[in-house]
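So the chains spell out like this:
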Amino acid sequence: MTLSIRQIHPVFVGEVTGVDLTRALTESERAAIEAGMDRYAVLVFPGQNITDDQQMAFTKNFGAIELARGGNITKDHELRLKQGMIDVSNLDKEGKPLPRDDRRRMFNLGNRLWHSDSSFRAIPAKYSILSARTVASQGGNTEFADMRAAYDTLDEATRAMSEDLVCEHSLIYSRGSMGFTELTEEERAFMKPVRQRLVRTHPVTGRKSLYLSSHAGTIVGWQMPEARDLLRDLNEHATQRENVYIHDWRQYDLVMWDNRQTMHRVRRFDESQPRDMRRTTVAGEAMTAEQAAAA
Ligand SMILES: [Fe+2]
């Protein structure tokens, strides 16, 4: 079996065949996947029927696993999956779809906004790896936007203005924009805003990209309305159709994306049926900006 990658979108995204992710990767397979990520930013691996342990082992080829702490309002005793796995299904601990008015469901609706995973962490995520165990009967596509193309196609003046800006990211901002504002003191404390550069440079390819996310709520040194105005404009620019890939999930697809170079969002689906999607995350290696001194 020989690993090969075929580009499936005019701008980015590769489809990977000739590799079995239930087994340990060879060094040449690992290197080919990492090089594919640098080049395509999103890789689709069809037909990978893997267990949680196999998914975590695969993830560790690319760095340390980022733990879920501080990323959700779901309490430890409510978790369906073991540590290291992030549950992005619509299911409770017993495997039943969450009731319509469940607070966890309301919080998770924030995944339908364009975002980059963990941009609310001081050291944000490198890769996310999402395995489709049970797909939605209707809807539930995931869309990806190439943020290198977003940067490359900015007009000269906007690019120059964006170059050294620093944004504040927090779950308070993304959930707030959905009208989800009732948070406990404890939740507010772990959602404290962090700072991220608006323009990032890829450590391997040197390509620049816009680092946007629904978690970005303001710009350091700017008034919030003017910051929101610019961020809204940049998001609209970044998610133009030609720079967006729509993934229509089949069971056992595994999709891997680089959060430093892309944004994504999930679309509405029939929530009366189980949609079992399981994520692992490769932790990032460094902060993108200096953090504010603690108050
Ligand atoms: Fe996400």
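Residues numbered from 1 in each chain as written. Predicted model: local features only at pLDDT ≥ 70, side-chain atom pairs only at ≥ 80, totals over all residues. Heavy atoms only, no water.

Notes on the packing of aromatic side chains
Throughout the structure, instances matching the rule amount to six aromatic pairs. With a centroid separation of 5.9 Å and 80° between ring planes, the pair formed by Phe 45 and Phe 58 is classed as edge-to-face. Here the residue Phe 45 occupies a position in strand E3 (residues 42–45), and Phe 58 occupies one in helix H2 (residues 52–59), the gap between them amounting to 13 residues. Looking at Phe 45, the relative accessible area reads 0%, which means it is buried. Relative accessible area serves as the criterion here: at 3%, Phe 58 is assigned to the buried category. (Phe/Tyr/Trp six-rings, centres within 6.5 Å; stacked < 30°, edge-to-face > 60°. Helix = DSSP H or I, 4+ residues; strand = E, 2+ residues; numbered from the N terminus. Buried < 20%, exposed > 50% of the residue type's maximum accessible area, 1.4 Å probe, protein only.)

Considerations on the sheet that holds strand E8 (residues 194–197)
Read across the open sheet, the three strands follow the order E8-E7-E11; overall the sheet is antiparallel. Looking along the sheet, the strands with just one partner apiece sit at the ends: E8 and strand E11 (216–219). Sheet twist, expressed as the average angle between the axes of neighbouring strands with direction ignored, equals 40°. Relative to E11, strand E7 (residues 166–169) runs antiparallel, the two sharing three bridges. Residue pairing for E11: Cys 167 is matched across the bridge by Ile 219. (Pairing = 2+ DSSP bridges. Axes fitted to C-alpha atoms, helices over the stretch in contact; angles between N-to-C directions.)

Focus: the sheet that holds strand E6 (residues 142–146)
With antiparallel pairing, the three strands of this open sheet are ordered in space as E12-E6-E14. Each edge of the sheet is formed by a strand with only one pairing partner; in this case those strands are strand E12 (244–247) and strand E14 (262–266). For this sheet, the mean inter-axis angle between neighbouring strands, taken without regard to orientation, is 20°. The sheet contact formed by E6 and E14 spans five bridges and is antiparallel. Paired with Glu 143 across the strands is Arg 265, a residue of E14.

Things to note about unusual backbone geometry
Even without glycine at this site, Val 13 takes up a positive phi of about 75°. Although it is not a glycine, Ser 118 adopts a positive phi angle of roughly 60°. With respect to the element layout, Ser 118 can be found in the loop between helix H3 (103–108) and strand E5 (127–134). Residue Ser 118 is classed as buried on the basis of its relative accessible area, which comes to 3%.

Looking at the pattern of salt bridges
Here the structure, examined in full by the defined rule, presents 28 salt bridges. Measuring nitrogen to oxygen at the nearest pair gives 2.9 Å for the salt bridge that ties Asp 87 to Arg 80. Here Glu 271 ties to Arg 112 by a salt bridge, and the two come within 3.0 Å at their closest N and O atoms. One end of the pair, Glu 271, is in the loop between E14 and strand E15 (276–281); the other, Arg 112, is in the loop between H3 and E5, and 159 residues separate them in sequence. Judged by relative accessible area, which is 19%, Arg 112 ranks as buried. (Salt bridge = Lys/Arg side-chain N within 4 Å of Asp/Glu carboxyl O.)

Topic: H2
What sets the pattern is the α-helix's 3.6 residues per turn: residues three or four places apart point alike. For H2, every residue scored as buried is listed here: Asp 52, Gln 55, Met 56, Phe 58 and Thr 59. Relative to the axis of H2, the buried residues are bounded by an arc of 160° and lie together on one face. Among the structural elements, helix H1 (27–40), E3, E5, strand E13 (254–258) and E15 are those in contact with the buried residues of H2. (Arc of directions from axis to C-beta. Contact = heavy atoms within 4.5 Å.)

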